[in-house]
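A closer look at the structure
Residues per chain, in single letters:
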Amino acid sequence: MSGTRRRGRTPAGTTGRAGERTAGRGGTRLTRRGRILAWGAGVTAVVVLGVGGVGAWIYQDLNDNINRADVDDKLGENRPENLSPGSKNIMLVGSDSRDGANAKYGKDLTTMQSDTLMVLHIPADRKWAAVVSFPRDSYVEIPACEMSEGKKSSPHKAKINEAFALGGTSGEVANAAACSIKTVEAHTGLRIDNFMSIDFSGFKGMVDALDGIEVCPEQAIKSDKARLNMKAGCQTVDGETALGYVRVRYGVGDGSDIGRIGRQQEFMNALAEKAQKKLTSPDALYGFMQSATKSLTADPGLAGIKPLYGLANELKGIPSDRLAFLTVPNYPREADVPTDKANVVWQYPQAADLFTALAKDQETTKDQLKADVEKLVYASQTRVQVLNGTGIGGRAAEVAEKLRQAGYTVTGTGNAPATVSKTTVTAPPGLEQQAAAIASRLPGGKATSDASAAAGVVTLVVGPELKVGDVA
C-alpha cells in the first residue's frame, strides 16, 4: 500500500493533505477532520463524563494529575510585547526526560530534552490558528538561563533543544520551560503566554488507551536507538511502537529532523481523529485522560481541566481549513559552514516575516509560506559591508562579527561618510532579497534599493539605536 493515504493513517515521509508532499522548509495543514492537538479532543470529552452522571471525584482526580510550573519569575523583564491583545501564543514541548519509566530510552542523557518544540498561535478573533514547529537542530543563540544549584549558563550558540536541557539540569520543568521560552522569544519576537509539556510515558498511554493508531510506512524501519523494528505497509501500532515511530530519525526518508516533524504532525492528526471516534465510553475516555493528565505539566494559566476545556472550546470553533501546521523556514547550515553537517539555520527574511505576521495576527497560509521559502538565498551568498554611522569607535566591527557568526560574508568595515540618526540597509538593484535578509535580522529593519549604492554588496550603516545584542 506504499504511497496510498487513507483517513486516519500516517504514512512516513509525507506531510500535508492526501497524496501531497511538501518541501522540508515548508508547512502543512491538517486533514479535513483534523484538530490541532490530540488532548484537545480528550479535554472536550471530559464534559461527557459529567453529563453521563460519573461522580465529580473523577473530575478532581484528573485535575489533580496535572503538574503546575510557574515560570513568570524566571523570564526577566526584557520580553516582547503582545502586539495583538487577545491573541495567545502557547509553547508546546514534547519532553524526553529519562527519569522514572523513561530511563530505558537513553541512559546517556542526564537531563530532560525537548524532543518536540512548537508554538500554537491563536489570534484574537479566533477565526484561524497556526502551529509552528521549530526544528530541534536549529542553530541559535541560547540566552543565559538558570541551571541547578544556583548556577547560570552563559549565552552561546547551540541546537535550540539544548535550552530545555540546560534549564532541566535542575530537575525542574519550570526552569527547563523558562529557558526554552526565553530562547523562542528572543529569536521570534513572539510573547509566549502559556506553556505545556508532556513526556514519553503520557504519549504511550494515550495511544494504548485508543487501542493503537494505524500508520503506513512506505519502507521498513529499523532503529535500535528508537527501539523500533517495523515492516512496510499499513499496521496498527501500540504506544511503545508509536513512540519509536514519531521519534525515529535516521533510516527514514532523508534522515532529517524536518522529515520527523512532518511525521509527528501527521501522527497527532491521526491520534486526534481516532480519539474523537473512540472516546465514547467512560472507561475509554478515563484511561485516555489519565495518561494525558498524569504526564502533563503546564503553567498556572493552563494547569487544570477547566482552563484546558476553555482552550479546547476556543479551538473547536475554528474552521478546519484554517488550522495550519507550519515549520520555521530553514536550510542546512552546511551551505554556510561546510564543516557543520548537523544543524540547520533559519531562512531569512522568510522566518522573520512569518514571526512578524503572527505577532500582528496576520494569517499565513501554507501556499504563501511555500512560495516564500522557494526564494532561498544562503547567508554565505550575501556580501555585506558594515559602516559605522554612530561616531562611537568599534561599532561597525562588533556588528560585523555578529553577521559573520550568522554566516554572512562581510567584505569590510569602516566609517560612514557622516553620522546618521538611524540604521540603514541599502543595496543596488538585483540584491533586494539579500538586503531584505540582512534587514530582517535587525529590530525594525527595512531595506531600500538605490542605483547609486556600492555595486555587488549590501551596505549596512550602523545607527545609534542598534545594539549589538539586537542583531539576530
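Reading guide: rules and limits
Residues numbered from 1 in each chain as written. Predicted model: local features only at pLDDT ≥ 70, side-chain atom pairs only at ≥ 80, totals over all residues. Heavy atoms only, no water. Axes fitted to C-alpha atoms, helices over the stretch in contact; angles between N-to-C directions. Helix = DSSP H or I, 4+ residues; strand = E, 2+ residues; numbered from the N terminus. Parallel < 35°, antiparallel > 145°, perpendicular 65-115°, else oblique. Contact = heavy atoms within 4.5 Å. Nonpolar A, V, L, I, M, F, W, Y, C, P; charged D, E, K, R; others polar. Buried < 20%, exposed > 50% of the residue type's maximum accessible area, 1.4 Å probe, protein only. Pairing = 2+ DSSP bridges. Right-handed = clockwise from strand over helix to strand, strands pointing away. Patch = residues over 30% accessible without salt bridge, like charges linked within 9 Å, V, L, I, M, F, W, Y side chains within 5 Å. Areas by Shrake-Rupley, 256 points an atom, 1.4 Å probe, with all protein chains shown as cover. Salt bridge = Lys/Arg side-chain N within 4 Å of Asp/Glu carboxyl O. Lys, Arg positive; Asp, Glu negative; His and termini not counted. Charge placed at Lys NZ, Arg CZ, Asp CG, Glu CD.

1. Here's the deal with the packing of helix α6 (residues 200-209) against helix α9 (residues 282-294)
Between α6 and α9, whose axes approach to 7 Å, the crossing angle comes to 170°. As the angle between them shows, α6 and α9 are arranged roughly antiparallel. Residues G202, G205, M206 and A209 of α6 pack against A284, G287, F288, S291 and A292 of α9. A class-by-class count of the residues in the contact of α6 with α9 yields five nonpolar, four polar and no charged.

2. Quick look at the environment of A270
Mapped onto the elements, A270 comes out in helix α8 (residues 257-278). Overall, A270 belongs to the buried group, its relative accessible area being 4%. C-alpha separation for the pair A270 and I213, spaced 57 residues apart in sequence, amounts to 7.2 Å.

3. Remarks on helix α7 (residues 239-247)
Of all nine residues in α7, seven are buried; the element is thus mostly enclosed. Along α7, the residues that are buried comprise G239, A242, L243, G244, Y245, V246 and R247.

4. Observations concerning the pairing of strand β17 (residues 383-388)
For β17 and strand β18 (residues 409-415), the ladder comprises six bridges, and the chain directions are parallel. The residue bridging V384 from the neighbouring strand is V410, located in β18. In this region the chain leaves β17, passes through helix α13 (residues 395-405) and returns to the parallel neighbour β18; the handedness of that crossover is right-handed. With five bridges connecting them, β17 and strand β21 (residues 458-462) associate as parallel partners. Residue pairing in the sheet places V386 in a bridge with L460 of β21.

5. Some details on a negative patch on the surface
A contiguous patch of negative charge, built from D70, D72, D73 and E146, is present on the exposed surface. Relative to the elements of secondary structure, D70 occurs in the loop between β2 (67-68) and β3 (88-95). Take D70: its relative accessible area is 43%, and that puts it in the partly exposed class.

6. Observations regarding the environment of F325
Position of F325 among the secondary structure elements: in strand β14 (residues 323-327). Counting along the chain gives 195 residues from F325 to A130, while the straight-line C-alpha distance between them is 5.8 Å.

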